[in-house]
Amino acid sequence: MGQTLTEILDAAAAGRFPPPDGGTTVVPQEKGRDAGVLAFTAHSVVFTDEDPDWVRSTLAALDCDALAATMNPRFLAALLDRTGRGTDTIDLLTVAGPLSGEPPLELRELADPDHPRVRRALRRRDDVRVWSADGGVLVLGRGVAGRWEAAIEVDEDVRARGLGRQLARAARHLVPDGQPVWSQQATGNARSIRAFQAAGYRPVGAEALMLAPAP
């Protein structure tokens, strides 16, 4: 497996995962903004600038299944307390390859958007671009380890018409430089999970992203 977070993510996007040996790999943060935990099948990656010995000793002290330790609430809380960071939830992490041609729906790029989904993205991503469709918004930007990440929002009154799937698929047409596009869905958000998987995104693991305090 790779030695850096970028290498690990690039390999996962190509279908090559860390060995399912029950281990935990600790790698440095690649950007001060981004710290957290990735859980693949029977192997976890903690990306943090904290002491790796502290990470391993804290995990070893937990009274839980060792395969679940990195996503155990007690470990996540300890890491949050130690780093002074916050988090929202544990997400399903998904990825899809790029697609050629035009997106499957008409989109309008917004130069100065003011949307809650956009304001949230600006805290987590760089190079953010935003497109709107009738009843929906697509956000694309560079997130953890510089990967391209997509997020969508669909108005309540136009749900169940396939717009979420179309927006998620559109991100695959718009991602620059032939790169894969990633997305996180809260594990309880079944509608979003279904939309992204219908658009060709495949699950690769779980992610708990830890956010630095807002300035």
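Since the structure is predicted, the reported quantities are computational estimates derived from the model, not experimental observations. (Residues numbered from 1 in each chain as written. Predicted model: local features only at pLDDT ≥ 70, side-chain atom pairs only at ≥ 80, totals over all residues. Heavy atoms only, no water.)

(A) Quick peek at the overall build of the chain. When helices and strands are tallied, the chain shows six helices and 10 strands. Taking 215 residues into account, the globule formula puts the C-alpha radius of gyration at 17 Å, and the chain, at 17 Å, falls close to it. Counting only C-alpha atoms, the chain reaches 50 × 35 × 30 Å along its principal axes. Here the analysis covers contacts within the chain between residues at least 6 apart in sequence; of these, 64% occur between residues at least 24 apart. As displayed, the chain offers around 10,600 Å² of accessible surface, 48% of which is attributable to carbon and sulfur atoms. Mean positive and mean negative side-chain charge positions of the chain (25 and 29 charges, respectively) differ by 4 Å. (Helix = DSSP H or I, 4+ residues; strand = E, 2+ residues; numbered from the N terminus. Rg over C-alpha atoms; globule rule 2.2 N^0.38 Å. Contact = heavy atoms within 4.5 Å. Areas by Shrake-Rupley, 256 points an atom, 1.4 Å probe, with all protein chains shown as cover. Lys, Arg positive; Asp, Glu negative; His and termini not counted. Charge placed at Lys NZ, Arg CZ, Asp CG, Glu CD.)

(B) Region of interest: the packing of helix H2 (residues 52-60) against helix H3 (residues 73-83). Orientation of H2 relative to H3, taken along the N-to-C sense of each, is 150 degrees, at an axis distance of 10 Å. The handedness of the crossing between H2 and H3 comes out as right-handed. Each of Trp54, Val55, Thr58 and Leu59 in H2 lies in contact with H3, whose residues at this interface are Phe75, Ala78, Leu79 and Arg82. Of the residues that constitute the contact of H2 with H3, the class distribution is six nonpolar, one polar and one charged. (Axes fitted to C-alpha atoms, helices over the stretch in contact; angles between N-to-C directions. Left-handed = near helix turned anticlockwise from the far one by under 90°. Nonpolar A, V, L, I, M, F, W, Y, C, P; charged D, E, K, R; others polar.)

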